[in-house]
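Structural features, examined
For reference, the chains in residue letters:
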Amino acid sequence: MSRVDGIRSRVGRALHQRERLAQLEREVLRGDVQLLTTDVFDTVLLRDHTTEAQRLAAAARRAAPELGVDPGALARLRWEAHASGYRAVSMERPDGEASLTMMCAAVAASLGLGDGAAKTLHDAELAVDAEHLRPNRPLLAVFRRVRAAGVRVVAVSDTYYSEDDVRWLLATVTGADRTGGSSGGLGSRELPIDRVYSSADEGATKHRGGLYPLVAQRESVDPARAVHVGDHPSADVQRSREAGWTAVHLPREGAFRAAKILGGAAALPSALRRAR
Ligand SMILES: [Mg+2]
């Protein structure tokens, strides 16, 4: 691709994203919408081109000196906990999700260490992940405007992170002081998201569909008056429409999706490839 074609293609993608955001704002402000739900990863928080395996290895290197263990062995144990965690979920409760808290506890126990070691690993993973995420500021600006118009905004994530973890990542990566659900006005340093639902905490997921009715019930909202936005064509778009939501698809650019698929295929056994 020539340099001019490359610039044209980047401009085209930026215009495409702007059109999708304008469409989202129109859908939400059409008058009868009460709730906007949003995916988190690769929608509000945009990942760089690193793979999950690379980020977990970096977290293991960071946590290993404090735990007094070999970083390579720690990374291997973490992957084993990941595999057995998701295998257990697929057998015991396929509508549920594995949890990072449980996986870190399993790693610490296998090393003969306790809760403190599990927390060290957990904190290292969050800190490393935060370094590979950036905020989607145009989308956050849409959230601020729709909240100002009286529409509640909540995040709904398929993730092994807890709701507290996701809130910490949102606040840290966006530079917000606090989430919007706390008292106070709509300051620019306040995260324009009222609350977070995580599949790990709720025991239901978007990709199996159970998380949408659960959120509608908790938020006391008719799905016909709710809009969902996210990057995943099935978990975010298809499943939310099946639950009665209006969905707006906000995909990452093609080059990013290709790198993610190739990186994921190279790094993970097939059973561990999960849409997140
Ligand atoms: Mg996503």
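Residues numbered from 1 in each chain as written. Predicted model: local features only at pLDDT ≥ 70, side-chain atom pairs only at ≥ 80, totals over all residues.

Looking up the protein in an unreviewed UniProt entry gives the name Hydrolase of the HAD superfamily, with the organism given as Quadrisphaera granulorum.

**Examining the overall build of the protein**
Each helix and strand in the protein was counted, giving 11 helices and 9 strands. Counting the 276 residues in the protein, one finds 38% classified as buried. Counting contacts in the protein only where the partners sit at least 6 residues apart, residues at least 24 apart contribute 67% of the total. (Helix = DSSP H or I, 4+ residues; strand = E, 2+ residues; numbered from the N terminus. Buried ≥ 20, exposed ≤ 12 C-beta atoms within 10 Å, placed from the backbone. Contact = placed C-beta atoms within 7 Å.)

**Comments concerning unusual backbone geometry**
Located in the positive-phi region is Asp 42, a residue other than glycine, with phi close to 70°. You can see Asp 42 is positioned in the loop between strand 1 (35-38) and strand 2 (45-47). The phi angle at Ser 220 is positive, at roughly 50°, despite the residue not being glycine. Tracing the backbone shows Ser 220 in the loop between helix 9 (211-218) and strand 8 (226-230). On the basis of neighbour counts, which here come to 8 C-beta atoms within 10 Å, the residue Ser 220 falls in the exposed class.

**Here's the deal with the sheet that holds strand 1**
The strand order across the open sheet built from 5 strands is 7-4-1-8-9, with neighbouring strands paired in parallel fashion. Two strands lie at the open edges of the sheet, namely strand 7 (195-198) and strand 9 (246-249), each paired on one side alone. Strand-to-strand, the axes of this sheet are offset by a mean angle of 25°, without reference to chain direction. Note that strand 1 and strand 4 (residues 152-157) share 4 bridges and pair parallel. In the strand pairing of strand 4, Thr 38 is matched with Ala 155. Of the strands in this sheet, strand 4 and strand 7 touch helix 7 (residues 163-174), which is tilted by about 130° from strand 7. Each of strand 1, strand 4, strand 7 and strand 8 touches helix 9; the most contacted strand, strand 4, lies at about 150° to it. (Pairing = 2+ DSSP bridges. Axes fitted to C-alpha atoms, helices over the stretch in contact; angles between N-to-C directions.)

**What to know about the nonpolar core**
One broad rule of soluble globular proteins: the nonpolar side chains tend to lie buried together. With 68 residues, the main nonpolar core has Ala 155 and Leu 170 as its most contacted residues. For this core, the element with the most residues is helix 2 (residues 52-67), which contributes 7 residues. The residue makeup of this core includes at least three contributed by each of domain 1 (27-48 + 135-272) and domain 2 (52-131). Aside from chain neighbours lying at most four places away, what touches Ala 155 is Thr 38, Val 40, Val 44, Val 166, Ile 193, Val 196 and Tyr 197. (Core = buried A, V, L, I, M, F, W, Y, C linked by C-beta atoms within 7 Å. Domains from an automatic or database assignment.)

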